[in-house]
Each structure stands twice: as structure tokens, then as C-alpha cells.
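# Geometric and topological summary
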Amino acid sequence: MATHLNSFDAIYQVVQLIPQGKVTSYGAIAAYLGMKGGARMVGWAMNASHTLENVPAHRVVNRNGILTGKNFFGGNRMQELLEEEGIQVKEDKIVGFQQHFWDPGVEL
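Residues numbered from 1 in each chain as written. Predicted model: local features only at pLDDT ≥ 70, side-chain atom pairs only at ≥ 80, totals over all residues. Heavy atoms only, no water.

Attention now goes to the overall build of the chain. Scanning the chain from terminus to terminus reveals six helices and four strands. Going from the N terminus to the C terminus, the chain shows its helices and strands as α-β-α-α-β-α-β-β-α-α. Against the compact-globule benchmark of 13 Å for 108 residues, the chain has a radius of gyration of 13 Å, which places it among compact chains. In terms of overall dimensions, the chain has a C-alpha envelope of 35 × 30 × 20 Å along the principal axes. Across the 108 residues that make up the chain, the buried fraction comes to 44%. If you take every contact in the chain between residues at least 6 apart in sequence, the share linking residues at least 24 apart comes to 62%. Averaging the positions of the 9 positive and the 10 negative side-chain charges in the chain gives two centres separated by 8 Å. (Helix = DSSP H or I, 4+ residues; strand = E, 2+ residues; numbered from the N terminus. Rg over C-alpha atoms; globule rule 2.2 N^0.38 Å. Buried < 20%, exposed > 50% of the residue type's maximum accessible area, 1.4 Å probe, protein only. Contact = heavy atoms within 4.5 Å. Lys, Arg positive; Asp, Glu negative; His and termini not counted. Charge placed at Lys NZ, Arg CZ, Asp CG, Glu CD.)

This part is about the pattern of salt bridges. Summed over all chains, the structure comprises four salt bridges. Among the ionic pairs, Glu85 bridges to Arg59, the shortest N-O distance being 2.8 Å. Taken together, the residues Glu85 in the loop between helix H4 (77-84) and strand E3 (89-90) and Arg59 in the loop between helix H3 (39-48) and strand E2 (60-61) connect sequence positions 26 residues apart. Pair check on accessibility: Glu85 and Arg59 agree, each one buried. Close ionic contact of Glu84 with Arg77 constitutes a salt bridge, the shortest N to O distance being 3.7 Å. A cluster of three or more residues bridged by salt bridges with shared partners is formed by Arg77, Glu80 and Glu84. (Salt bridge = Lys/Arg side-chain N within 4 Å of Asp/Glu carboxyl O.)

Attention now goes to unusual backbone geometry. Of note, Glu91 is a non-glycine position whose phi angle comes to about 50 degrees, a positive value. Of note, Glu91 is situated in the loop between E3 and strand E4 (93-94). Glu91 gets classed as exposed once you look at its relative accessible area, which sits at 76%. A positive phi angle, close to 65 degrees, is found at Asp92, a residue other than glycine. Along the polypeptide, Asp92 turns up in the loop between E3 and E4. Note on Asp92: relative accessible area 26%, which makes it partly exposed.

Time to look at H4. Structurally, the α-helix is built with 3.6 residues per turn, so residues lying three or four positions apart point the same way. Looking at H4, one finds that the buried residues are Met78, Gln79, Leu81 and Leu82. Viewed end-on, H4 has its buried residues packed into an arc of 160 degrees, placing them on one side of the element. Looking at the buried residues of H4, the elements they touch are E2, E3 and E4. Trailing H4 by a residue or two, Gly86 shows a phi angle of about 90 degrees, which is positive. (Arc of directions from axis to C-beta.)

Membership of the largest hydrophobic core comes to 18 residues, with the highest contact counts inside it found for Ile11, Val15, Ile29, Val42, Met46 and Val60. Those elements that place two or more of their residues in this core are helix H1 (2-15), helix H2 (26-32) and H3. If one sorts the elements of this core by residue count, H1 sits on top with five residues. Sequence-distant contacts of Ile11, that is, excluding residues within four places in its chain, are made with Ile29, Leu33, Met35, Met41, Val42, Ala45 and Met46. Listed in part, the nine residues of the second largest apolar core include Val23, Ile87, Val89 and Phe97. (Core = buried A, V, L, I, M, F, W, Y, C linked by side-chain atoms within 4.5 Å.)

Structure below.
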């Protein structure tokens, strides 16, 4: 279990660097951290982060820009948070996903 917690801390550190108005994917974070096939673990970390105010989990979506984690926010909260940052969401998908995409492998 300690390995998961250490991994979660590393994931949270990357998520905290996502600029406002940008999003990234579970897989992009996993790839940046060298966690082959670790997208699912990034998802688990995001699900576990909802009590951490300094982790903007709403900025992490799936590789197609779909708000797959929205149920963990309750209601439309994930979409509302993204829209407050200027990101348009339609039918649970980010409009113009590529222009909002932030790749930690390139940016960091």
C-alpha cells in the first residue's frame, strides 16, 4: 500500500502543475511519471483526492477529453469547474480538447 501512496503523491505533484484553463489525461500523467499502463492508478489517485483542496482533479480527463471522473464530483461540478476556467464542455466532452491539452511530458 505504501507504494500506492508514494505514487499518489507523485501524481498529485503533477496535477498541481496543470495550469488553469488547461487539462491533461490520466495516461499523459502516467507516461510522464514512467508508470507504464498506470492510467488506471492515476484515476484511483484522482478519486482519492477529493478531500485535497490543492489538487485540481477536475483538470484530468480521459484521452479523448471525456469527463470520465465526473461522477466522483457529484452532479455537474466537474463541468462547472472547467467552465469557470473557460473550457467549454458539451455532452461530457471538452470542446476543442487538443487546444486545451497540457502534456506534462512536453511542458515539464
